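# Observations on the model geometry
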Amino acid sequence: MRRAAPILAAAALFVLPLAFMDARTYVTLTVAGLAMGMLIFLVAAGLTLIFGLMDVLNFAHGAVFSWGAYVGFSVALLLNQRWGWATAPSVTLNVLLLAAAILAAMVVAVGLGILLERVIVRPVYGRHMFQILITLGATIVIEELIRMIWGPNDQVMPVPLTFQGSWDIADVIVLRFPVVAIVLGVLVYLGITLLLTRTRVGLIVRAGVENREMIQALGHNIYRYFTRVFAAGSALAALGGVMWAMFSQSVRPAMGGEQLIFAFIVVIIGGLGSVTGSLLGALIVGLSYNYVAFLVPKAAIGINMAIMVLILLLRPTGLFGSGK
Amino acid sequence: MTEARLTPVQRARQAERGRRFRQPAPYLRLACLVLAALVPLVVPSFQVLDLAAKIAIFAALVASYDVVLGYTGIVSFGHAMFFGFGAYAVALSLGKFGAPTYGHLAAGFLAGVALSATISVLIGAFSLRVKAIFFAMITLAFAEFALILAVQLTHITGGEDGLSPTLPGIFAVSYEGGRLGGIPVTGRLVTYYFILAICLVLFVVMARFIHSPLGRTLQAIRDNELRAEALGFRTFVFQIASSSFGSVVATVLGGCYVMWVRYANPESVLGIHVMLDLLLMVIIGGIGTLYGGIIGATFLLTSQTLLPHLRTLAASVFAGSMVMQRMTERWLLYFGILFILMVFFFPKGVIGTVRDALARRAPSPSSSPPHPDPPARGGCPTR
Amino acid sequence: MPPEPTHGSPPLLEVEDLHTYIGQHHILQGVSLRARRDAVTVILGRNGAGKTTTMRTIVGLLRPRAGAIRFEGRPIHGLPPYEIVRFGIGFVPEGQGIFATLTVDENLRVAMRDESPESRDRLPRIFALFPALERFRQARAGTLSGGQKQMLSIARAFVNPNRLLLIDEPSKGLAPIIVEHLVAALQEMKSQVTVLLVEQNFAMASALGDDFYLLDDGRTVHHGRMVDLVHDHALKKRYLGV
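In this text the structure is predicted, and so the values were computed from the model without any measurement. (Residues numbered from 1 in each chain as written. Chains lettered and ligands numbered in written order. Predicted model: local features only at pLDDT ≥ 70, side-chain atom pairs only at ≥ 80, totals over all residues. Heavy atoms only, no water.)

Before going further, it helps to spend a moment on the pattern of salt bridges. Residues and elements named next belong to chain C. Across all of its chains, the model carries 23 salt bridges over all chains by this definition. Across the salt bridge formed by Arg-34 and Glu-14, the nearest N and O atoms sit 3.0 Å from each other. In this pair, Arg-34 sits in strand E2 (residues 25-35) while Glu-14 sits in strand E1 (residues 13-22), placing the two residues 20 residues apart along the sequence. For the pair formed by Arg-34 and Glu-14, the shared burial category is buried. A salt bridge links Asp-105 to Arg-137; the shortest N-O distance between them is 2.9 Å. Of this pair, Asp-105 sits in helix H3 (residues 104-111) while Arg-137 sits in the loop between helix H5 (131-135) and helix H6 (146-158), and the two are 32 residues apart along the sequence. The exposure class assigned to Asp-105 is buried, which follows from its relative accessible area of 12%. Salt bridges linked by common partners bring Glu-14, Glu-16, Arg-34 and Arg-70 together as one network. (Salt bridge = Lys/Arg side-chain N within 4 Å of Asp/Glu carboxyl O. Helix = DSSP H or I, 4+ residues; strand = E, 2+ residues; numbered from the N terminus. Buried < 20%, exposed > 50% of the residue type's maximum accessible area, 1.4 Å probe, protein only.)

Okay, here's the thing in structure tokens:
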């Protein structure tokens, strides 16, 4: 019950904006906020697991996100230019384009993730300062490679026709792509949760997050699991990258860095190592950002910082943090 | 007092004092200072003077970052933000309250220092109490927030365009103080020596800081936080003190920077690039060396000044090659690779590596016995 | 003092002149011991004598700087822990090391090195030894009492067909009545597995132990039969303060 109280209080806070706007605006903003939250969650989930399992703060996570976005962008561009899969009024082709972009981005990200883990992170296990420095160095390189390959400027991401525009449900305008993002986010969360709670690998990963030493003393090679988690986290970041590119209809080399800051705030709010905490934190950040951006546009960025500081004051280890 | 009555610490300090003037380091530092002082007298080029002033400022800035990173062992991404606070505080104070006076200048510095001290204590209290790693994440978030604020609060900060304050009295561009020994005394020249003097004072203060009991406690915490905690130190209080000290120094330097370039915009004093430059400089010079910043700043700022020329050269040689052009445009890529290689292979930077090499060649009998468990790689293990 | 070969069967575990550093501190400065098959060997010594460090070095969580560890004659020092324990060693660390957010059942399953039928068959035996674990099988391990957590930790090491159990201070912080339960359970396990036990509680140590090794300042200073130690008041007073 003591755990439920703050959650209920938080839920009440999210009804509050209704007092300052009409219901239709509220629904629109809520959908946008949930979508944004889900996309941040995709980035934060990998980050939090990587941290929880191996105590590695991966600053290169944002750069992987950007790579995912750009690979997805290239695939989408190619498919659209060749066969017009984005502009075709066919739901199947549109969905295929999205799927192909996501798949390609995730495959590349898995490779990039394994490379990062083996070459960059592994030599500096257990030394936080060098981890942060080295992953930051990797970020510079990865981001600059994007600028070298795709050029330094913003580019327009082709969005499939099906996902453009909005549905008009009982006079409420609901944008289509955010709904897709929400559905995808829910699916990913369920997928991660099932993987963690229903499979043996998930069991070992959960135990490893709690006590890295003991899981080794029980005979499990934690490094093997960590490579997998790193690769999976990178794939999620890439998925987030493609979705974000479509959400904002553009790709930029620095997009990952900005998302990483959101993801950090989310991970701190949710508690390091907790996937559910990340989801909750991401939704809090996404929703409050959108409400505040509508009501007091200039305070939008500040609200996330304020929430983070407030939560750190109340629960220094975050909502679901173990405090280890 | 006889030798035998001394505590081990006192004996070590005495030995250190005795060795001090037999080592090359103090003379090298002095040479750097003399060199910097001679620049305006010998080389009449503004470009060189500009470079020298920026090197002085950044060398001290890197040193102040090193106090936090190398001597306290916590990673901050907010150091450029504190630099920016100083820059904006001085620029605002000079530009927004009528004709600039020395009082405005001083008030700007004081306001910046007060703001930085408050913010860094707050950030430290929120993050270091829980986990030192939070510090990196939270400072990054704060830095981004400050950047956005500086861009958005156009009516105060001038937005992307920034502020271009004019300096009072002897620092003003228009100031002419006659000639001194054949050298025309201009506002630029006065400002240059003023900044050089401040950097010198800051270096002395920082060197005193790291050798003070507080500084030694911080290094003990860095090397073994649990043990320091067991000895009864409230480690996070010390860490907050040190990060705030470093931030305040950075703020003063931000003010100096604005006095020199007479310009502050989000990109040049708050941006992520300032932070990246700082990191590169500290890595190149050497973490935990304090004076490494001189080498790091000299290397990076000089190469950044020369890079445009290199690019023009490359463009003329490989005319028409798009890939080549892109490759030369992306010089940050090479700095990134250099950064990674430095962290992997020379984690102690230029100064640390040279120091080690010297120590190996001439093992002094009075130095401490060989470390039984040298850290696998790097001088600053943070466990 | 190097341990004499104990008569009877060759030792299951042999530790020879072990030196381990933690950071810059030379903790183990020459620990030697042998664990006889099917016996309980107890490591005794004051706080800070190096008992826990010895256990952690054997299981591979700490890397020895010098010395040798042989399990069934095979050198295992320098291997990572997850390879060492797979030779057939179960580890019950100081402070239990259970996964508090996992259920009791999950704690047992994660301990099974491969979820083979053989491991599953051991479960009834474990539940017979520790009935409380079966009752709270679906409860989060963090909600268990101290004694139950200790039982879970021991059960976790017993779930694999291990030949050696390393048990570090099982009685620490437990009420005397709980300790009695533990002793009874360990007595029963004794017939099936070799045990290396670190124990401060001398009553428990003497009730379970066959052989003993005395550590002081990171060195093996004495060893012999437990029955002999029980009557050697001078030795007990000198090294254990009892």
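Picking up after the structure, the text goes on.
As a further point, take the nonpolar core. Judged by nonpolar contacts, the single largest core of 315 residues is most densely connected at A:Phe59, B:Phe77, C:Leu13, C:Leu44 and C:Phe130. Per-element tally for this core: the top contributor is helix H2 (residues 23-54) of chain A, with 19 residues. Leaving out residues up to four positions away in the same chain, C:Phe130 has contacts with C:Met151, C:Ile154, C:Ala155, C:Ala185 and C:Met189. (Core = buried A, V, L, I, M, F, W, Y, C linked by side-chain atoms within 4.5 Å. Contact = heavy atoms within 4.5 Å.)

Next up on the list: the pairing of strand E6 (residues 89-92) of chain C. All names here are of chain C. Residues Ile-89 and Phe-91 of E6 are buried on one face, and the alternating residues Gly-90 and Val-92, pointing to the opposite face, are buried as well. Pairing analysis gives four bridges linking E6 to strand E7 (residues 164-168), with the strands arranged parallel. Following the sheet pairing, Phe-91 is matched in E7 by Leu-166. (Pairing = 2+ DSSP bridges.)

Residues and elements named next belong to chain C. The sheet contact formed by E1 and E2 spans eight bridges and is antiparallel. If you follow Leu-13 over to E2, its bridge partner there is Ala-35. Between E1 and E2, which pair antiparallel one after the other, the connecting turn spans two residues, and Gly-23 there sits at a positive phi close to 60°. With six bridges joining them, E1 and strand E4 (residues 64-71) adopt antiparallel strand pairing. Counterpart to Thr-20 in the pairing with E4 is Pro-64.

What follows deals with a nonpolar patch on the surface. Together, B:Leu30, B:Val34, B:Leu38, B:Leu41, B:Val42, B:Val43 and B:Val48 make up a nonpolar patch on the protein surface, roughly 550 Å² of accessible area in all. Given a relative accessible area of 41%, B:Val34 falls into the partly exposed group. (Patch = residues over 30% accessible without salt bridge, like charges linked within 9 Å, V, L, I, M, F, W, Y side chains within 5 Å. Areas by Shrake-Rupley, 256 points an atom, 1.4 Å probe, with all protein chains shown as cover.)

Let us look at helix H5 (residues 102-127) of chain B. All names here are of chain B. Counted at 1.5 Å a residue, the expected span for H5 with its 26 residues is 38 Å, and the 37 Å between its end C-alpha atoms agrees. Among all positions in H5, only His-104, Leu-105, Gly-108, Phe-109, Gly-112, Ser-116, Ser-120, Ile-123, Gly-124, Phe-126 and Ser-127 are buried. The opening residue of H5, the one whose side-chain oxygen lies 3.2 Å from the backbone nitrogen of Gly-103, is Thr-101. (Expected span 1.5 Å × (residues − 1). Polar contact = N/O pair within 3.5 Å; in protein donor to acceptor, adjacent residues only side chain to side chain.)

One widely used convention gives an interface's size as the accessible area the parts lose upon coming together. Counting residues at the interface gives 47 residues for chain A, matched by 43 residues for chain B. Each partner contributes to the roughly 4300 Å² buried at the junction of chain A and chain B, and carbon and sulfur atoms together form 81% of this total. In this assembly, chain A and chain B are joined by zero salt bridges. Summed over the shared surface of chain A and chain B, the number is zero residue pairs in polar contact (both at pLDDT 80 or more). A per-element tally of the side of chain A that touches chain B places helix H5 (residues 128-150) of chain A first, with 17 residues. When grouped by side-chain class, the residues that make up the side of chain A that touches chain B number 34 nonpolar, six polar and seven charged. (Buried area = accessible area lost by both parts, 1.4 Å probe. Nonpolar A, V, L, I, M, F, W, Y, C, P; charged D, E, K, R; others polar.)

Residue and element names in this part refer to chain B. The phi dihedral of Leu-290 falls on the positive side, at around 65°, and the residue is not glycine. Structurally, Leu-290 is set in the loop between helix H13 (272-285) and helix H14 (292-317). Leu-290 gets classed as buried once you look at its relative accessible area, which sits at 1%.

Further remarks concern the side chain of C:Asn162. Residue and element names in this part refer to chain C. Examined against the element boundaries, Asn-162 turns out to sit in the loop between H6 and E7. Given the relative accessible area of 8%, Asn-162 is considered buried. In contact with Asn-162, not counting residues within four places along its chain, are Val-85, Gly-88, Ile-89, Gly-90, Arg-113, Ala-157 and Val-193.

This brings us to the interface of chain C and chain A. Facing 23 residues of chain C, the contacting portion of chain A comprises 18 residues. At the boundary of chain C with chain A, total buried surface from both sides reaches about 1800 Å², with 58% on carbon and sulfur atoms. Put simply, chain C and chain A have two salt bridges between them. With a shortest N-O distance of 2.9 Å, C:Arg56 and A:Glu213 are connected by a salt bridge. Summed over the shared surface of chain C and chain A, the result is ten residue pairs in polar contact (both at pLDDT 80 or more). Those elements that place two or more of their residues in the side of chain C that touches chain A are helix H2 (81-84) and H3 of chain C.

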